[in-house]
Structure formats: structure tokens, C-alpha cells
Amino acid sequence: IFTTFDWQSLWWHHYGAGRSLKLLLAETAETGEVVGILPLYLQQLTLLHYPVNVLRFVGCGGDTSPDDLGPLIHRDHEAEVARALAKGVRDLGGWDVLLLSDMPPEHVFTKEMTEVARAGRLRLQTGRSERISLLKLPSTWEAWLASVHRDRRYRVRKARKNLLEAYPKARFFVWDDKSTLHAGIDRLAALHCKRWQRVGEPHGFSTPEY
């Protein structure tokens, strides 16, 4: 999802101000068909009082943490397009450090970019910036409780009991109305901010862009 036009364009709309867009395209020599797209941007940082130009993937940075980033490549031209885009990054110029994080380790572009950077002695930083987990939940609340350790089960039940004693009208439910989903997410964000602002700690949803 983080390499789709929807995510990329929305991210750039909110976070692209003051940054220089660098969009690399790979085309076939015969027909001019676009077979590879690599959206990058330049971000100027200050390190030890010196300006440093960092080249990054569009969609990564600010206070967002996407994963599996990299180019879109036509499946019939993967190897040659990945190699060409990697060399295009090398020859782009204007940057001091390549900060290409969250590339899938198995992706052909990851391999090509690493080899090109090593051969050219380029400053390339890769790896995962965040760990993103997927939890497959049982179909019912009671089934989930039964699946966890008894100490955690006790703490969860106690927390819910304390909540309902303090707020008798509190309720838990599944928000399954698609027509009002945006309002539900806005409400979730507002409650999240209210909770962490009360204790004076940083939190998600804290910037206007996010």
C-alpha cells in the first residue's frame, strides 16, 4: 500500500513542502513504455553544524512509518530495471547520504542498490526504521482472553472493571458503518491526543500533517 499512488500523493501533499522531488522513470528503448518508477526526494538536514542533503523514498519521513518501500517495476523487466534505477540513483547527484530504509530484503532493487552503493563507495543506510506487527485475532473477545496468560487476563479484566466503575456508560463495539468511518477515526485520534496531552507526553496524531 505504501508504494501506491494514493499513499505517495497524499504523503507528498502533506509532507513535501520544502523538499525537492526526484522522480526516476525507466522506459523501454523500443516503445518508450514506462516499466519502472522510483519516487525520491531530497531533504536537507544539519549535522554538526553542516548542511547534509539526504535522499529518501517519497512516503517515508515526517512522523509516518511505512514499510516495504522501493520502486514499482514491471514484472517482465525486473532485473534490468532494478539495475538501471539503482544506477540512476547513483548518478542523480545533489545528495550526500542515501537513506533508503524499509526496503524489502528480498526485493531485486534492494540487492542492486546495495551492490551499486558498495561499488561506488556511496553512503547508503538501509534497514528497518520501525517494526510493524500483524496480529491475527480470534473471532470473539472471550476466545482472545482464553489465548493469553492468566496474569494478563487478570490485568485486562481488572482494567475493564475499573473503567466501567469510573464511567458506567462506557462501551466497546465494532465500528462497521462505512459511511461514518472517517468520523470514527477522527474521534479515535481526538481521544488519543486527549489521553497523552493529559500526562504531557508525545504521541501519534500530534502534528497537523499527521
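Before going into details, it helps to say that this report is about the structure given with it.

Things to note about the overall build of the protein
Reasoning step 1: Scanning the protein from terminus to terminus reveals six helices and six strands.
Reasoning step 2: Reading the protein from its N terminus to its C terminus gives the helix and strand order α-β-β-β-β-α-β-α-β-α-α-α.
Reasoning step 3: Computed over its C-alpha atoms, the radius of gyration of the protein comes to 23 Å, more than 25% above the 17 Å expected for a compact globule of 210 residues.
Reasoning step 4: Counting across all 210 residues of the protein, residues that qualify as buried make up 28%.
Reasoning step 5: Long-range pairs, those at least 24 residues apart, make up 56% of the contacts in the protein between residues at least 6 apart in sequence.
Reasoning step 6: One way to put it: in the protein the 29 positive side-chain charges average out to a point 11 Å from where the 25 negative ones average out.

Topic: unusual backbone geometry
Reasoning step 1: A positive phi angle, close to 65°, is found at Asp102, a residue other than glycine.
Reasoning step 2: Note on placement: Asp102 falls in the loop between strand 5 (97-99) and helix 3 (108-119).
Reasoning step 3: At Arg121, a residue that is not glycine, the phi angle is positive and equals roughly 55°.
Reasoning step 4: Positionally, Arg121 belongs in the loop between helix 3 and strand 6 (124-125).
Reasoning step 5: Take Arg121: its relative accessible area is 79%, and that puts it in the exposed class.

Focus: the pattern of salt bridges
Reasoning step 1: One pass over the structure, following the stated rule, counts five salt bridges.
Reasoning step 2: A salt bridge links Asp91 to Arg90, with the shortest nitrogen-to-oxygen separation between them at 2.9 Å.
Reasoning step 3: Overall, Arg90 belongs to the partly exposed group, its relative accessible area being 36%.
Reasoning step 4: Here Lys111 and Glu115 are joined by a salt bridge, their closest N and O atoms 3.1 Å apart. Placement of both Lys111 and Glu115 in helix 3 is noted, with a separation of four residues, approximately one turn of the helix.
Reasoning step 5: Note on Lys111: relative accessible area 46%, which makes it partly exposed.

Notes on the nonpolar core
Grouped burial of nonpolar side chains is what soluble globular proteins tend to show.
Reasoning step 1: In terms of nonpolar packing, the biggest core is built from 24 residues, with Leu38, Leu40, Phe57, Leu85, Val89, Phe109 and Met113 touching the most fellow members.
Reasoning step 2: Mapped by element, the contributors of at least two residues to this core are strand 1 (20-27), strand 2 (34-47), strand 3 (50-57), helix 2 (78-92) and helix 3.
Reasoning step 3: Ranked by residues supplied to this core, first place goes to helix 2 with five residues.
Reasoning step 4: When sequence neighbours within four positions are dropped, the list of residues in contact with Met113 reads Ala86, Val89, Leu98, Leu100 and Leu124.

As for the packing of helix 2 against helix 3
Reasoning step 1: One way to put it is that helix 2 packs onto helix 3 with a least axis distance of 8 Å and a crossing angle of 40°. Our classification of the angle between helix 2 and helix 3 gives oblique. Where helix 2 crosses over helix 3, the two elements pack in a sense that is right-handed. Of the residues in helix 3, those touching helix 2 at Glu78, Ala79, Ala82, Arg83, Leu85, Ala86, Lys87, Val89 and Arg90 are Val108, Phe109, Glu112, Met113 and Val116.
Reasoning step 2: In terms of residue class, the contact of helix 2 with helix 3 is built from nine nonpolar, no polar and five charged.

Things to note about the pairing of strand 2
Reasoning step 1: Sheet analysis places strand 1 next to strand 2, joined by eight bridges and oriented antiparallel. Among the inter-strand pairings, Ala26 is bridged to a residue of strand 2, identified as Gly36.
Reasoning step 2: Linking strand 1 back to strand 2 in an antiparallel pair, the connection comprises six residues, with Gly32 at a positive phi of about 75°.
Reasoning step 3: Direction of pairing for strand 2 relative to strand 4 (residues 72-73): antiparallel, over a ladder of two bridges.

Side note on the side chain of Thr64
Reasoning step 1: Inspection of the secondary structure assignment puts Thr64 in the loop between strand 3 and strand 4.
Reasoning step 2: Given the relative accessible area of 11%, Thr64 is considered buried.
Reasoning step 3: Reaching out from Thr64, the side chain makes a polar contact with the side chain of Trp11 at a distance of 3.2 Å.
Reasoning step 4: If we ignore the near neighbours within four places in the chain, the residues touching Thr64 are Trp7, Trp11, Tyr15, Gly59 and Tyr210.

What counts and how
Residues numbered from 1 in each chain as written. Predicted model: local features only at pLDDT ≥ 70, side-chain atom pairs only at ≥ 80, totals over all residues. Heavy atoms only, no water. Helix = DSSP H or I, 4+ residues; strand = E, 2+ residues; numbered from the N terminus. Rg over C-alpha atoms; globule rule 2.2 N^0.38 Å. Buried < 20%, exposed > 50% of the residue type's maximum accessible area, 1.4 Å probe, protein only. Contact = heavy atoms within 4.5 Å. Lys, Arg positive; Asp, Glu negative; His and termini not counted. Charge placed at Lys NZ, Arg CZ, Asp CG, Glu CD. Salt bridge = Lys/Arg side-chain N within 4 Å of Asp/Glu carboxyl O. Core = buried A, V, L, I, M, F, W, Y, C linked by side-chain atoms within 4.5 Å. Axes fitted to C-alpha atoms, helices over the stretch in contact; angles between N-to-C directions. Parallel < 35°, antiparallel > 145°, perpendicular 65-115°, else oblique. Left-handed = near helix turned anticlockwise from the far one by under 90°. Nonpolar A, V, L, I, M, F, W, Y, C, P; charged D, E, K, R; others polar. Pairing = 2+ DSSP bridges. Polar contact = N/O pair within 3.5 Å; in protein donor to acceptor, adjacent residues only side chain to side chain.

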